[in-house]
Amino acid sequence: MKKSRPILWILIIAAVASAGYYGWQKFGYSAGKTQIADKGPSHPSAVPVSVAPVQKVDFPVYLTGLGTVQGFNTVQVRTRVDGQIDKLAFKEGQIVQQGELLVSIDPRPYQATLDQAKAKKAQDEASLANANLELQRAMKLGEFATAQRVDTQRSTVAQLTAQIAADDAAIANAQTQLDYTQVKAPITGVAGLRQVDVGNIVNASTQTGIVTISQVEPIAVIFTAPEDQLPYISEGQKTGALKVIAFTTDGKKTLAEGKLAVINNQVDTTSGTIRLKAVFDNKDHALWPGQSVSTRLLVRTLKDATVVADDAVQHSTNGLYAYTVNQDNKAELHKVKVSYAIDGRSVIEEGLSPGQQVIVGGQFKVQPGSLVSTAVASSDPAQNKVRQE
């Protein structure tokens, strides 16, 4: 009997637990379901999004590219005579004016050559004067002078006259060589780093220059454009010079505005691009020779274009699309076709109409037909604030 008592208690406890579980299943769980059913179906919450209107505005079409600044004119100054440098009359980085003295070369050998040429002319002039006197005497003798003597004297006068002309040419050449000892700036521009110092011997036959001068007012930028844009560029040129804007390579800072000056005479077949040259006044020297810049060429302006913010246009495997918000605050999906996208704005050819409200933020939670709560995006790109509606 003592051994059977624990077994009896175990059976009693198991029976009580079974009865409790059965009661909970029948009464408690059913009551819970009844309470849930009484609450009714739950309503989905609205998805918060930012919206902006589809605008109808004039849209400037720019061609972007990379370019290199180069001096409008660039000259490597070289000596045209041999000699020792006596004086450097410029400073590196200085703006030199056309005709301004840059370098003086020892002029003494060339001055001596000039003096020698002048002395030779004086000698020949004296000989010519004597020959003219002899000719006059021969002609005064009349029949007492032979014809041979007169002709010979006339020939002598002519020879000496020609010699004096040669002396004049020699003097001019000597004067030119002497002038070359004063090396002057051929253009107005910025002098670069000098290649010689005072005391150096320079030679006209060497390729090493004295200094390089680059003209920076105005200045040029060489850049490229796709060949398929050439018809639009040529057409735009007919109405006037097209505007070109130069930026830093990161595109954040505007450096200068200029005009398209030259379209190259052939397309580069290897890259399918055409080289272009723009000219800038560059009064503030914001552009510098050799500098890399980002360029924008204004090709044309689209009148009354349908424009939205770039953030409104979404990508999928089926193409581009955008969400609009209808009067019931529900999202509608529209397939769109974009022709241009510049400066955070896109031109819509198909799919949207001016005045519609497009979703520009929060699309990742939106599905077609989703209920949304809208906030108008700020018109200032620098601000991220929105106004709740």
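Just so it is clear, the model here is predicted, and its values are computed rather than measured. (Residues numbered from 1 in each chain as written. Predicted model: local features only at pLDDT ≥ 70, side-chain atom pairs only at ≥ 80, totals over all residues. Heavy atoms only, no water.)

It is worth spelling out the pattern of salt bridges at this point. Oppositely charged side chains can pair when the atoms bearing their charge come close. For the coordinates displayed, the defined rule picks out nine salt bridges. Of the charged contacts in the structure, one is a salt bridge between Lys-303 and Asp-58, with a shortest N-O distance of 3.7 Å. A residue pair is termed long-range when its members are at least 10 positions apart, and Lys-303 in strand β15 (residues 292-309) and Asp-58 in strand β2 (residues 55-71) qualify at 245 residues. A relative accessible area of 39% places Asp-58 in the partly exposed class. Residue Lys-120 is joined to Asp-124 by a salt bridge in which the shortest nitrogen-to-oxygen separation is 2.7 Å. Here Asp-124 and Lys-120 lie together in helix α2 (residues 108-140), a separation of four residues that amounts to about one turn. Look at Lys-120 and you get partly exposed, because its relative accessible area is 33%. Among the charged side chains, a network of salt bridges with common partners joins Lys-121, Glu-125 and Asp-168. (Salt bridge = Lys/Arg side-chain N within 4 Å of Asp/Glu carboxyl O. Helix = DSSP H or I, 4+ residues; strand = E, 2+ residues; numbered from the N terminus. Buried < 20%, exposed > 50% of the residue type's maximum accessible area, 1.4 Å probe, protein only.)

Both strand β17 (residues 319-325) and strand β18 (residues 331-335) contribute to a ladder of five bridges, which runs antiparallel. Within β18, the position partnered with Ala-322 by the bridge is His-334. Linking two consecutive strands that pair antiparallel, namely β17 and β18, is a turn of five residues; a positive phi of about 60 degrees is found at Asn-329 within it. (Pairing = 2+ DSSP bridges.)

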